[in-house]
Protein chains: 4
Amino acid sequence: MAMIGGGPGAFIGPVHRIAAEMDREIELVAGVFSGDPARSRAGGMAYGLDPARAYGSLAEMLSAERVRADGAQFVAVVTPNHDHLPSARAALAAGFPVISDKPMTATLAEARELAAAVEAAGLPFALTYTYSGYPLVREARARIAAGALGAVRKVVVEYPQGWLAGPAEGKQAEWRVDPSRAGAGGCIGDIGVHAFQLAEFVTGLKVTELLADLGAVVPGRQLDDDCTVLLRFEDVGFGAARGVLLASQIEVGELNGLRIRVYGEQGGLVWKQEEPNTLTLHHLDGRSEVIRAGTGLLGPDAARRTRTPGGHPEGYLEAFANLYRDFAERLRGGSAPLLPGAAEGLRSMAFIDTAVRASAAGAGWTSLSV
Amino acid sequence: MAMIGGGPGAFIGPVHRIAAEMDREIELVAGVFSGDPARSRAGGMAYGLDPARAYGSLAEMLSAERVRADGAQFVAVVTPNHDHLPSARAALAAGFPVISDKPMTATLAEARELAAAVEAAGLPFALTYTYSGYPLVREARARIAAGALGAVRKVVVEYPQGWLAGPAEGKQAEWRVDPSRAGAGGCIGDIGVHAFQLAEFVTGLKVTELLADLGAVVPGRQLDDDCTVLLRFEDVGFGAARGVLLASQIEVGELNGLRIRVYGEQGGLVWKQEEPNTLTLHHLDGRSEVIRAGTGLLGPDAARRTRTPGGHPEGYLEAFANLYRDFAERLRGGSAPLLPGAAEGLRSMAFIDTAVRASAAGAGWTSLSV
Amino acid sequence: MAMIGGGPGAFIGPVHRIAAEMDREIELVAGVFSGDPARSRAGGMAYGLDPARAYGSLAEMLSAERVRADGAQFVAVVTPNHDHLPSARAALAAGFPVISDKPMTATLAEARELAAAVEAAGLPFALTYTYSGYPLVREARARIAAGALGAVRKVVVEYPQGWLAGPAEGKQAEWRVDPSRAGAGGCIGDIGVHAFQLAEFVTGLKVTELLADLGAVVPGRQLDDDCTVLLRFEDVGFGAARGVLLASQIEVGELNGLRIRVYGEQGGLVWKQEEPNTLTLHHLDGRSEVIRAGTGLLGPDAARRTRTPGGHPEGYLEAFANLYRDFAERLRGGSAPLLPGAAEGLRSMAFIDTAVRASAAGAGWTSLSV
Amino acid sequence: MAMIGGGPGAFIGPVHRIAAEMDREIELVAGVFSGDPARSRAGGMAYGLDPARAYGSLAEMLSAERVRADGAQFVAVVTPNHDHLPSARAALAAGFPVISDKPMTATLAEARELAAAVEAAGLPFALTYTYSGYPLVREARARIAAGALGAVRKVVVEYPQGWLAGPAEGKQAEWRVDPSRAGAGGCIGDIGVHAFQLAEFVTGLKVTELLADLGAVVPGRQLDDDCTVLLRFEDVGFGAARGVLLASQIEVGELNGLRIRVYGEQGGLVWKQEEPNTLTLHHLDGRSEVIRAGTGLLGPDAARRTRTPGGHPEGYLEAFANLYRDFAERLRGGSAPLLPGAAEGLRSMAFIDTAVRASAAGAGWTSLSV
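The rules we used
- Residues numbered from 1 in each chain as written.
- Chains lettered and ligands numbered in written order.
- Predicted model: local features only at pLDDT ≥ 70, side-chain atom pairs only at ≥ 80, totals over all residues.
- Heavy atoms only, no water.
- Helix = DSSP H or I, 4+ residues; strand = E, 2+ residues; numbered from the N terminus.
- Rg over C-alpha atoms; globule rule 2.2 N^0.38 Å.
- Buried < 20%, exposed > 50% of the residue type's maximum accessible area, 1.4 Å probe, protein only.
- Polar contact = N/O pair within 3.5 Å; in protein donor to acceptor, adjacent residues only side chain to side chain.
- Contact = heavy atoms within 4.5 Å.
- Least-squares fit on C-alpha atoms with pLDDT ≥ 70 in both.
- Expected span 1.5 Å × (residues − 1).
- Core = buried A, V, L, I, M, F, W, Y, C linked by side-chain atoms within 4.5 Å.
- UniProt positions renumbered as here; feature names shortened; annotations may be inferred.
- Domains from an automatic or database assignment.
- Buried area = accessible area lost by both parts, 1.4 Å probe.
- Salt bridge = Lys/Arg side-chain N within 4 Å of Asp/Glu carboxyl O.
- Pairing = 2+ DSSP bridges.
- Axes fitted to C-alpha atoms, helices over the stretch in contact; angles between N-to-C directions.
- Parallel < 35°, antiparallel > 145°, perpendicular 65-115°, else oblique.
- Nonpolar A, V, L, I, M, F, W, Y, C, P; charged D, E, K, R; others polar.
- Phe/Tyr/Trp six-rings, centres within 6.5 Å; stacked < 30°, edge-to-face > 60°.
- Lys NZ or Arg CZ within 6 Å of the ring centre and 35° of its normal.
- Disulfide = S-S within 2.5 Å.

Observations regarding the overall build of chain A
Looking only at helices and strands, one finds twelve helices and 15 strands in chain A. Compactness check: chain A gives a C-alpha radius of gyration of 20 Å against a globular reference of 21 Å for 370 residues, within 12% of the reference. The C-alpha extent of chain A, read off along each of the three principal axes, is 65 × 50 × 40 Å. In chain A, which comprises 370 residues, the share counted as buried stands at 66%.

Spelled out as structure tokens, the structure:
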């Protein structure tokens, strides 16, 4: 694996590295950790790389790695959003499969361009919608698909954070509130999109319409930091399910509280990212079951994605690693059908784009289409 | 206390009786438990009343009790919503103070009429918005009023239930889904209004605008059973706080999950009705505090409304009793300023009315005024 | 009901009064609230009693109430432990059924004397082991009796408190650390005995042997404030179940954390007093169920002891009221088989006595017999 | 790193591999995965090793790796307990530092022998007491050391599991119930020892005496599967703290519920392995604080041992990796003072040995000495 982005001070670069290498199917061997060659080299040394393979530009890396016998076999894009398109396009053009951080790009137009590039290249392309890698998220999806809830009627998905309640300071915060680097969406593009992807992933249903109310609460902020989005899902024969998506970065005391509740005719289901090893299933007759990761109650897909027995907590890094495990499977020619790719990326960008535009216009219900 | 409603099979009648009598300041002595004299008498006997004081009609009760030396001193109205106005009006007209179950009436027009009657009578009038009786709800209100969160920015109030996910069967369910008895609102009038009242009560802020999306999810249902309402609160100088109100009666597995989260510039606060003896307070600097009922950490209003030391759970009946304690205080001439009355009732009815109309019309943001 | 004890400043007197009256089958009509007639009268007025019925001594009350047409029909003893025997004995001798706070008496010898007096009087006698009144404790007992866990193998019962971690100050604390009023046991007699009673109640098994390690942790304290007791239960054919009982009053931050876990061949079960409306049931095949009070999943005994639908928290006062409901049933001639009486009281006193003696002697396993 | 043990079907081998490699300071390059050369090779291939470096015996590996320029620099011992001594001794003798799974050896005598070998070799030696690697365990230790609780008075440490409630089947279970492979302790040596080490680690106090009651509950089991051990800690000037250690493998429904509560004069502290990212701190004045991993509230040692911001759950593998990070630091000449080594290993073995002997003899309080 070669990486672009993720240099010193970055949060997500080391996360990609750990996740990619966790199952020993992938190894980070090269990277562009800064546009400044000396800083990139410093970044490479922090990862323990051969200094010669810490490049000063993507172009340089792609041409060098392409010709090495032991060259990188794919590129991980972990730069801020505005760079996703150029980096991914260049890597694909050079023949490298790409795994990229979400969201797909900074704008919907860019996402369409990238989707076309993926299509043209015919190469694997994946997006690290981390939360879809959690074993119990997969279990939730599998149970709903198998009819455990009956027809889905209602989805409540929330993603509360509080870290941007004060002024946005530090490397992580600054680019997220800057439209030139984050794109048109603030909170909606940073975390709202995770909630959207999780809702579609778990239910297996597509959102067809939304009503968005995005606010920039902290004085002086240009991008939204608090979002409410009402959702309607496609009608698969039992009426269109209703949904609510709440995402915020100004809820003091909330750390990374992504959670989803899905209700159907026959039951309900609850999962929370901060307690990821527990899934609660409610039945119409009043029974409630608690399903724990690592136990014999999990279906095959979830079971294959835990590394320890029940009671040994697995978390964010392991969920992330599950996406890399899927990606490795796809590189080997497998299908890894649950790994998010260009189609999910396009949907997510359409979600951000539609929500931002509809909210700004004070539009009511607005259809969501790719 | 004389009661109208609450006969055999009712849930809320016995609750009023227990709550009223818990602190031994009030005693149930008379009632109209059915329009049928024999059934009313049976109801009275179930409560252990003197059979002569289980009346067949309100008029009969009011004239009889008025002239007894030991006559009832106020009337509790616990009938379905459509009866609240006539019963309360008649009691007030006969000189009896009234405490009534919520919502105030079946329609906003009726509420205005009742508010005028209360005004004209000059008698105490209270509404049992139960959840505002919980000690830690009062503590939350007091802390916010004292500035613990700084300016309020965001409110999330939820009231999930699941008991109407299937067909509405039984005495409790049937009238709630019948517009002729429940009024124009289903879920919004039954529980959404509790969430609304709680949000205004805890924050001390009034809602000025709302955007409502009410749905009737269960096939064949005439009234809403699943509600999402976006809120804007009055701007008291720091920007208008944003709010979201979720109420549902089709979320399988949820029992009575009322909960509220309030976020301000300096902190956040979480309270949940099903774990009512705990209040969590988050500070901007990362600290989180857990405040438990019955401990020395509570302010005077909350402290006076617990009956046991910390760790001895108090619940719904005790919260309800706190409203009756306030009512008794008012009957004795005290102010009991936190007890909801006609003003709160009018606001609540305006909330239901506005939400129902705005949702039906597909209107966007709609101003809320009494 | 007539009460002895529970005067101004007492915690448990008002609790008995609320609990007794909650279901309107019982009414407090008389009492001895102090040995000083004036203070007793003040106590009676605080309860709203007829001043003539707030007596200055038990003897006076018994003779007066016995001859009134509307005289009290039973006596509630809520004095400190050393007074339980004389008060109960006198009341029984005067023909009054007795309900008494736990523990039965201050010493085992006294308990034997009182048990004999109960036997001789042939009158109802009950002890308010409050926690056995919780609906889900009764559900736990019923499920274990029905074989839900298979043969019981292990019991862990804990009762942590922290309020005596500092110096014992105030009316509640002082008598509890004074051997002349509390008896030979401190923590073991105040709360350890509740844990013991709960363990026998829930499992339906009797403790046959114990190994006790009681400590007086706070400097200068004469009675134990921290207890560990190992238990062996009677062997009903599958081996003697093992048990651990932990009780402490010096665990800072713990309020009233009584909890019990029972494990058998086929399952496990967990209940916690501070979250009393939830019972968790684990099955050997990995499934875990959460059973909530007020739902249709409860058996008849537990169901009859909730007053509100699921999700409306009931707590300590309601559990206490369930014991008075049982007592009322017994006064009417019913069996109320789960209400603790003299036999349970004797066992509890034998537990305290054996634990105190065995610990003081540094004895190992010691048999427990009444 | 070279590994002995951890072949196909093992749970702990892959855990060591992931943990060792997580921070990219260590790489697994060689191993003995079976005594059968072909099976060992298969094991090596499962890890993606050079087949030439999957050896058929430890002796073979040590001599081969010692002379390679890129040879392993230390040996990880992950075999069953009875093999810990011979493997570690041989590796040390060959000049390799050793990191070994716990417990140190199968018997105390062996532990003494190994401690002498470590001493003689003058090489780094560490034991993977995993739970001491959790950031919030280190925070707990640091806070207690800094006096947050005042003098420690009471420790309750529990380690409940349920997976051996039925017959012991499968590779993981079989050796644990076999005295010839597990040593004299069953549950006490498998998990009780973790609880013991955690108690000493967190409090910084040594256990001086114990009273053990070990039982073999499942019919036919030779080793203990349910343990209660009373503890006394050294008196550092404020009285000897009291302790209780509960460990069980027959508590159905418990997965891996290690948890510890420590109470002092001024406060209390609670940590639970299954919710490892939260530490609760209680103060004598009634305040309770919740401290979450990854936030600014953590001290330097804990802060350095998280890899993601607060709200991104880290778990068992990350805690394990923290021990390897410490070990790497020690290999580089650093002190890594919190990494358990031979001294802790000896204490742990003395604990197992004393508990097993004292319980079998029915001895009461027995002193614990190395």
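Having seen the model, we can carry on.
Side note on the side chain of B:Thr366
Residues and elements named next belong to chain B. Here Thr366 is to be found in strand β14 (residues 366-367). Here the side chain of Thr366 touches Gly364 through a polar contact of 3.0 Å, landing on its backbone oxygen. Beyond its immediate stretch of four places on either side in the chain, Thr366 contacts Thr208, Glu209, Leu210, Thr354 and Ala358.

Overview of the relation of the copies chain B and chain A
Overlay of chain B on chain A (RMSD 0.0 Å): rotation 180 degrees, translation along the axis 0.0 Å. Such values leave the two copies arranged in the relation of a two-fold axis. Across chain B, the smallest distance between a C-alpha and the rotation axis is recorded for B:Gly364, namely 3.1 Å. A share of 100% of the interface residues of chain B reappears at the interface of chain A, consistent with the copies meeting face to face through the same patch.

So, helix α11 (residues 316-331) of chain D
With 16 residues, α11(D) should cover 22 Å at 1.5 Å per step; its first-to-last C-alpha distance of 23 Å lies within 8% of that length. When you tally the buried positions in α11(D), you get twelve out of 16 residues, the bulk of the element. D:Tyr316, D:Leu317, D:Glu318, D:Ala319, D:Phe320, D:Ala321, D:Asn322, D:Leu323, D:Tyr324, D:Asp326, D:Phe327 and D:Ala328 are the residues of α11(D) that are buried. The secondary structure elements touched by the buried residues of α11(D) are α11 (316-331) of chain A together with α1 (12-21), β4 (75-78), β5 (98-100), β6 (125-127) and α6 (135-145) of chain D. Downstream of α11(D) by a residue or two, D:Gly333 has a phi angle that is positive, lying close to 100 degrees.

Digging into the relation of the copies chain B and chain D
Between chain B and chain D, the superposition needs a rotation of 180 degrees and an axial shift of 0.0 Å, giving an RMSD of 0.0 Å. In this assembly, 100% of the residues forming the interface of chain B have copies in chain D that are likewise at the interface, indicating an isologous arrangement.

Quick word on the nonpolar core
In terms of nonpolar packing, the biggest core is built from 230 residues, with B:Tyr324, B:Phe351, C:Tyr324 and C:Phe351 touching the most fellow members. Counting residues in hydrophobic clusters, the runner-up holds 228 residues, among them A:Leu108, A:Val157, D:Val98 and D:Tyr131.

A word on the UniProt feature "domain: Gfo/Idh/MocA-like oxidoreductase N-terminal" (unreviewed entry) in chain A
Mapped onto this structure's residue numbering, the UniProt feature "domain: Gfo/Idh/MocA-like oxidoreductase N-terminal" (unreviewed entry) falls at residues 2-125 of chain A. Note that residues 2-125 of chain A is 44% helix and 14% strand, and that its end C-alpha atoms are spaced 14 Å apart.

Points about the domain arrangement of chain A
Residues and elements named next belong to chain A. Domains assigned within chain A are domain 1 (2-127) and domain 2 (132-312 + 342-361). The C-alpha-based centres of domain 1 and domain 2 are spaced at 26 Å. Taken together, the contact pairs 23 residues of domain 1 with 20 residues of domain 2. Approximately 1,600 Å² of surface area, both sides summed, lies buried where domain 1 meets domain 2, with 65% of it carried by carbon and sulfur atoms. The largest contributions to the domain 1 side of the interface with domain 2 come from Asn81, Lys102 and Leu108, which together make up 31% of the buried area.

A short note on the interface of chain B and chain D
Interfaces are often described in size by the accessible area the parts lose on coming together. Taken together, the contacts link nine residues of chain B with nine residues of chain D. Between chain B and chain D lies a buried interface of about 750 Å² when both sides are counted; carbon and sulfur atoms form 53% of it. Ranking the residues of chain B by area buried against chain D places B:Ser288, B:Val290 and B:Leu297 at the top, with a combined share of 48%. Our enumeration of links across chain B and chain D arrives at zero salt bridges.

Quick look at the sheet that holds strand β2 (residues 30-32) of chain D
Working definition: the strands of a sheet are paired by backbone hydrogen bonds and lie parallel or antiparallel to each other. All names here are of chain D. Ordered in space as β3-β2-β1-β4-β5-β6, the six strands form an open sheet in which the pairing is parallel. Only two strands of the sheet have a single partner each, and these edge strands are β3 (54-55) and β6. Along the sheet face, helix α3 (residues 58-67) touches β1 (2-5), β2, β3 and β4 and points at about 160 degrees away from the line of β2.

Some remarks on helix α12 (residues 342-361) of chain D
Residue and element names in this part refer to chain D. For α12, spanning 20 residues, the distance from its first C-alpha to its last is 28 Å, which sits close to the expected 28 Å at 1.5 Å a residue. α12 sits mainly inside the fold: 14 of its 20 residues count as buried. Just past α12, the residue Gly362 takes up positive phi, approximately 65 degrees.

Structural notes on the packing of helix α4 (residues 84-93) of chain A against helix α5 (residues 108-121) of chain A
All names here are of chain A. Relative orientation of the contacting elements α4 and α5 amounts to 10 degrees, with a least axis distance of 10 Å. Considering their axes alone, α4 and α5 lie roughly parallel with respect to each other. Touching Leu85, Ala88, Arg89 and Leu92 of α4 are Glu110, Glu113, Leu114, Ala117, Val118 and Ala121, all from α5. Considering only residue class, the contact of α4 with α5 consists of seven nonpolar, no polar and three charged.

Let's talk about the packing of aromatic side chains
For the coordinates displayed, the defined rule picks out 44 aromatic pairs over all chains. Centre to centre, the rings of A:Tyr131 and A:Tyr159 are 5.9 Å apart; their planes meet at 85 degrees, and the pair counts as edge-to-face. Of the two residues, A:Tyr131 is situated in the loop between β6 (125-127) and α6 (135-145) and A:Tyr159 in strand β7 (residues 152-160); the sequence distance between them amounts to 28 residues. Side by side, A:Tyr131 and A:Tyr159 carry an identical accessibility label, which is buried. Ring centres 5.2 Å apart and planes at 55 degrees place the aromatic pair C:Tyr134 and C:Trp271 in the tilted group. Of this pair, C:Tyr134 sits in the loop between β5 (125-127) and α6 (135-145) while C:Trp271 sits in strand β11 (residues 267-272), and the two are 137 residues apart along the sequence. By the burial criterion, C:Tyr134 is buried, and C:Trp271 matches it. In this structure an aromatic cluster arises from ring pairing among A:Phe11, A:Phe74, A:Tyr131, A:Tyr134, A:Tyr159, A:Trp271, A:Tyr316, A:Phe320, A:Tyr324 and A:Phe327. In this structure, A:Arg141 packs its charged tip against the face of A:Phe201, placed 4.9 Å from the ring centre.

Some words on the UniProt feature "domain: GFO/IDH/MocA-like oxidoreductase" (unreviewed entry) in chain A
Using the residue numbers shown here, the UniProt feature "domain: GFO/IDH/MocA-like oxidoreductase" (unreviewed entry) corresponds to residues 137-269 of chain A. In residues 137-269 of chain A, helix accounts for 27% and strand for 32%; the two terminal C-alpha atoms are 11 Å from one another.

Topic: the pairing of strand β12 (residues 278-283) of chain C
Residue and element names in this part refer to chain C. Most of β12 is tucked away, with five of its six residues classed as buried. Sheet analysis places β11 next to β12, joined by five bridges and oriented antiparallel. Looking across to β12, one finds that Gly267 is bridged to His283. The antiparallel pairing of β11 with β12 creates a hairpin that spans five residues between the two strands. Between the end of β12 and the start of strand β13 (residues 288-292), which pair antiparallel, lie four residues, with Gly286 showing a positive phi angle near 105 degrees.

Considering the environment of B:Glu318
Structurally, B:Glu318 can be placed in helix α11 (residues 316-331). For the pair B:Glu318 and B:Phe96, spaced 222 residues apart in sequence, the C-alpha separation works out to 25 Å. Discounting chain neighbours no more than four positions away, the residues touching B:Glu318 are B:Met22, B:Arg307, C:Leu317 and C:Glu318.

Some points on the sheet that holds strand β3 (residues 75-78) of chain B
Residue and element names in this part refer to chain B. Read from one edge of the open sheet, five strands run β2-β1-β3-β4-β5, paired in parallel fashion. Both outer strands of the open sheet, β2 (30-32) and β5 (125-127), are each paired with one neighbouring strand and no more. Averaged over all adjacent pairs, the angle separating strand axes in this sheet is 15 degrees, with direction ignored. Strand direction decides the pairing type here: strand β1 (residues 2-5) and β2, joined by three bridges, are parallel.

Thoughts on the interface of chain B and chain A
Chain B puts 38 residues into the contact, and the matching count from chain A is 38 residues. Between chain B and chain A, roughly 2,900 Å² of surface is buried when both sides are summed, and carbon and sulfur atoms account for 53% of that area. At the junction of chain B and chain A, the tally comes to 14 salt bridges. For the salt bridge of B:Asp226 with A:Lys154, the shortest nitrogen-to-oxygen distance reads 2.7 Å. Between chain B and chain A we count 18 residue pairs in polar contact (both at pLDDT 80 or more) in total. Among the secondary structure elements, those contributing two or more residues to the side of chain B that touches chain A are β6 (152-160), β7 (207-215), β8 (226-233), β9 (242-248), β10 (259-264), β11 (267-272) and β12 (275-283) of chain B. Partitioning the side of chain B that touches chain A into residue classes produces 17 nonpolar, ten polar and eleven charged.

Concerning the environment of C:Gly315
Residues and elements named next belong to chain C. Within the secondary structure, Gly315 is located in the loop between α10 (300-303) and α11 (316-331). A relative accessible area of 2% places Gly315 in the buried class. Through-space distance from the C-alpha of Gly315 to that of Ile26 is 20 Å; in sequence the pair is 289 residues apart.

Remarks on the state of the cysteines
Throughout the structure, instances matching the rule amount to zero disulfides over all chains. This cysteine, B:Cys227, is not joined by any disulfide, and B:Cys187 carries the nearest cysteine sulfur, 3.8 Å off.

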